[in-house]
Structure formats: structure tokens, C-alpha cells
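Coordinate inspection notes
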Amino acid sequence: MPANDRYSSPLAERYASQAMLQLWSSSHRYGLWRRLWLALAEAERELGVDIPAEAIAQMRSHLDDIDFTAVAAYERRFRHDVMAHVHAFGDVAPAARPYLHLGATSAYVTDNADLILMRRGLELLRAKVGSVIQALAVFAREWRAEPTLGYTHIQPAQLTTVGKRATLWMQDFVLDYEDLTHRIDTLPFRGVKGTTGTQASFLQLLEGDHGKVRRLDALVTAAMGFGTSLPVTGQTYTRKLDAQILGVVAGVASSASKFSGDIRLLQAFGEMEEPFEAEQIGSSAMAYKRNPMRSERVAALARFVLTLEPNANLTHSVQYFERTLDDSANRRLAIPESFLATDAILVLCANVASGLEVHPARIRQRLNEELPFMATEELIVRAVNAGGDRQEVHEVIRRHSLEAARAMKHEGARNDMLTRLAADPAFGVGIDNLQEVADPSRFVGRSAQQVDEFLAEVVEPLLAGIDLHPAQEALRV
């Protein structure tokens, strides 16, 4: 069937990076299966099982030349994917055929390979999170002291700075980076546990020597690059691990979605915009449109990833006794797609963060509309210092602020609250004195200093341990 006549996942065709696509490819997965069979045979031979050196040599010579046509034919016959690969491997390594998969159950290769894939996937995501943090750090440093409206309840609130807001986005990604690191460093291997996790087949193979069985588990675990294996399993490793991993992955998607939501709102306000290329079209009908399509795609993909996180816990909750098979088809979809979608999200986030456009004139315009209202506490103090009664002054400010707001909403007038107050004898403070209050830099607190401290104490030490100039992934739109 021609490629264009069959369904293909948008994650592969449009969104995910080549590195993540290669990681979850059939060639890579089944190449890992062969490496796991090789590691098992080598360890068994080291512990005294009579496996010829030629068998080991043939296995090592055919780790990646997988005949997928032969595998498909075997699977049609056996209706068993693992045994199809066992036979296909045996065809090219005939000396190893009698020893392939010796003592193992299917979960030996499927589960251990999944753990290898997920750990590597976490490493790829962590590198991309680092790229996003790096881009945001450059942005935050540039705009560290630029006053802007803060928003609570999506309503104007006390001032912050453009750079300080970026540290809030960065902080989420820093926490994700640390969570990813923890999972990478502590993820255990399933190891060599046998059909229901009792290691009975290996105990028989190694003539009842419990020490050798434990050694076999340790040898294979080390050969595949893991420091520890789970001390106990059923037929599979506990699917609690899947839930923990997808929880961290979903956390990255959540941070990205929050970041993208803020950008979309700021673009609607006219204060900031995501990148827009010279010939990019925002709308097929409305030629003037400049839509935040990158941020919108982040939100769309993140929502998909967030729906997959509870899926893993649901699967874990119904793995009765030593295992059931209703996890298999589900995991083939949920785990790779969670990684692929989050990878795509981070490609977009790095692109957006490295090309954000700030519009200071629009920011100041919005500040000027709101700032007099935010200065009311200092206005009260100035009026009292000029001899006014605090309660009476409060009433004067309340009345004039409401009138100024009403004029802005109904007449499109500018915010003239300060002019109204200066003209009211009951307030008793001149306009020159009041205009001093309207300097935005008076209301940003320690925002700029917080940016400096966060970059120096948190972000720079983190970035010092990673590649500061990763290759930019091409954005496919």
C-alpha cells in the first residue's frame, strides 16, 4: 500500500524530532531485544552454562541486520511477536539457536527494552528542557527591569517586570529538569526474573545455585547499563514505574502548556508575540492575522499528553496478581506517544522562547491605563502628609477612581484619575507631586534583582552541566 494511502501519525510526520522518532523505531527496539538475548547468553556462559563461543560470536555479528519480512512471516504463523524474533535471530545465528531466550520469558526482552527506551527518552526530553531554560534565561536577562502589568485572575494587578515573569516559566521547567534527572538516575532494570518473577527456570539452569542466579541478574543488569534491578517482580516489572515516568513527562507538558497560555494571552494584549516568519500566513481568509499557532500547538499537544498520564495509573491498577495482558496493546500506544508528543512540545517551546518579540510601547500604554489605580496606597499617604484625614482622603480617591474608570470604559477616555485628584481641593496635593507616583519602576519591587539572583543561583549552575549550544531542531508546521 502506498504511504499516502495509509494512516500515519502526525507525531511522526509533522511534530516529533528525528532523535525521538529513531529511539522508538522498530529497528531500535528489536535491536535492543537482540542485545538483551546476547547479554543473557554471555552471562549464562560466564556462570557455567554450556553455550559455545561461536553462538555468542554469531549473535554479536547480527544485532542490527533484522529481516522484518521474515519476522512478519513467523508472526503470522506463531501469533507471537517475541517468538517470531527469536526464530528470525536464530536463522542468522544458527549456532545460537538452541540457546536463544534460554530460561527467559517474553517480558525479559519486552520489559527490559521498554525501560531502556524510556530512560533514553527521558534523557532526550531533559536536554530539550535545558534548551528551553537556556533560551528563557537569555530573554529574562534582557528584559529583567522592564516594568509590566502583573495579572491575577487575568485582571491587571501590581506591577512586575517582563524578565521576572519569564523566571516563573523557567522555574517550572527547572523543577521538571530536576524531576527528569531523578527518574533517569533512579530508574531500575527489570532484570532476569523468569516467568512469574520467581527465577525458577534460572535456578534449574544453574543447578540450584542461588548465588549464581543473583549473579546472573546483576551481570545482565550491568551489561545493559543499569545500576540496579527491581528486587522483586511478577512476570513484568510493576506498571507503577510507567505511571511514575509518564507523570514526569506529563509534568513537562503541563509546564509548557502554562507557558504557551501566557504567551497567547500576552499576544492578545499586544504586549508580546511568538515568532512569525516573513512569508508565514496567519489565516487563509484574514490576511492581516498573526496568530500564535506555535503556542496553540503546544497547548493542543500538551492536552493530549495530560490525558495519557492517568492511563498509566489505570493500567497499573488492573494488573492482577503476577500480570495480565491487557496492558500490552495500551502501552504500545500510550508510552511512545507520550514521549513523542512531549518531545514535539519542547521543540516548539524552544523555538518560541528563542524568538519572543516584546512590544514595550504597548506595555507602557497598558501600564499608563492602570498605574494610577495601583498607586492608591501611596496617594493616601501623600495626602495625609499634606494635612488630610485618612478616611476622607480614601473616600475622595474611591470616588475619583470610579469616575475615571467609568470614563475609560464608556467614553474611551485616558486614565485621568491623577488630574481629577489634583483638581479636588479636598485632596490637597498638587499634580507635580502626584505625577511622581506614576513612575512604573517604583512599583516593581525586587523584580530585577530576583531575576539576577535566580539566574545566578539556579539557572547558571544547571546550564553549566549541559550543552549550551544544542542543535536547533527544524520546526515543521
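Look up a bit, the structure's there.
**Looking at unusual backbone geometry**
- Phi at glutamine 199 is positive, roughly 65°, even though this residue is not glycine.
- Its place among the elements puts glutamine 199 in the loop between helix H8 (162–186) and helix H9 (200–205).
- One non-glycine residue with positive phi stands out, namely phenylalanine 321, at about 50°.
- The residue phenylalanine 321 is located in the loop between helix H12 (293–317) and helix H13 (328–354) in this model.
- Overall, the relative accessible area of 80% leaves phenylalanine 321 in the exposed class.

**Let's talk about the nonpolar core**
- The biggest cluster of nonpolar side chains holds 139 residues, and the ones touching the most others in it are Trp37, Ile133, Phe173, Val220, Phe339, Leu379 and Phe427.
- By residue number, the principal contributor to this core is helix H7 (residues 106–142), which donates 18 residues.
- For tryptophan 37, the residues in contact, after removing those within four places along its chain, are Met59, Val82, His85, Val86, Phe89, Leu100, His101, Tyr108 and Val109.

**Section: helix H15 (residues 376–385)**
- When we look at burial in H15, the residues that qualify are Leu379, Ile380, Arg382 and Ala383. The buried side chains of H15 occupy one side of the element, clustering within an arc of 165° when seen end-on. Pointing more than 90 degrees away from the buried face of H15 are the exposed residues Glu377 and Asn385.
- Next to the buried residues of H15 lie helix H14 (360–374), helix H16 (390–411), helix H17 (417–422) and helix H18 (431–435).

**Here we look at the packing of H15 against H16**
- Closest axis-to-axis distance for the H15/H16 pair is 9 Å, and the angle between their directions is 135°. Taken as axis vectors, H15 and H16 run oblique relative to one another. You can see that H15 and H16 cross each other, and the crossing is right-handed. When H15 is examined against H16, the residues Thr376, Leu379, Ile380, Ala383 and Val384 are found in contact with a partner set consisting of Arg390, Val393, His394 and Ile397.
- For the contact of H15 with H16, the class distribution of residues is six nonpolar, two polar and one charged.

Reading the values: the criteria
- Residues numbered from 1 in each chain as written.
- Predicted model: local features only at pLDDT ≥ 70, side-chain atom pairs only at ≥ 80, totals over all residues.
- Heavy atoms only, no water.
- Helix = DSSP H or I, 4+ residues; strand = E, 2+ residues; numbered from the N terminus.
- Buried < 20%, exposed > 50% of the residue type's maximum accessible area, 1.4 Å probe, protein only.
- Core = buried A, V, L, I, M, F, W, Y, C linked by side-chain atoms within 4.5 Å.
- Contact = heavy atoms within 4.5 Å.
- Arc of directions from axis to C-beta.
- Axes fitted to C-alpha atoms, helices over the stretch in contact; angles between N-to-C directions.
- Parallel < 35°, antiparallel > 145°, perpendicular 65-115°, else oblique.
- Left-handed = near helix turned anticlockwise from the far one by under 90°.
- Nonpolar A, V, L, I, M, F, W, Y, C, P; charged D, E, K, R; others polar.

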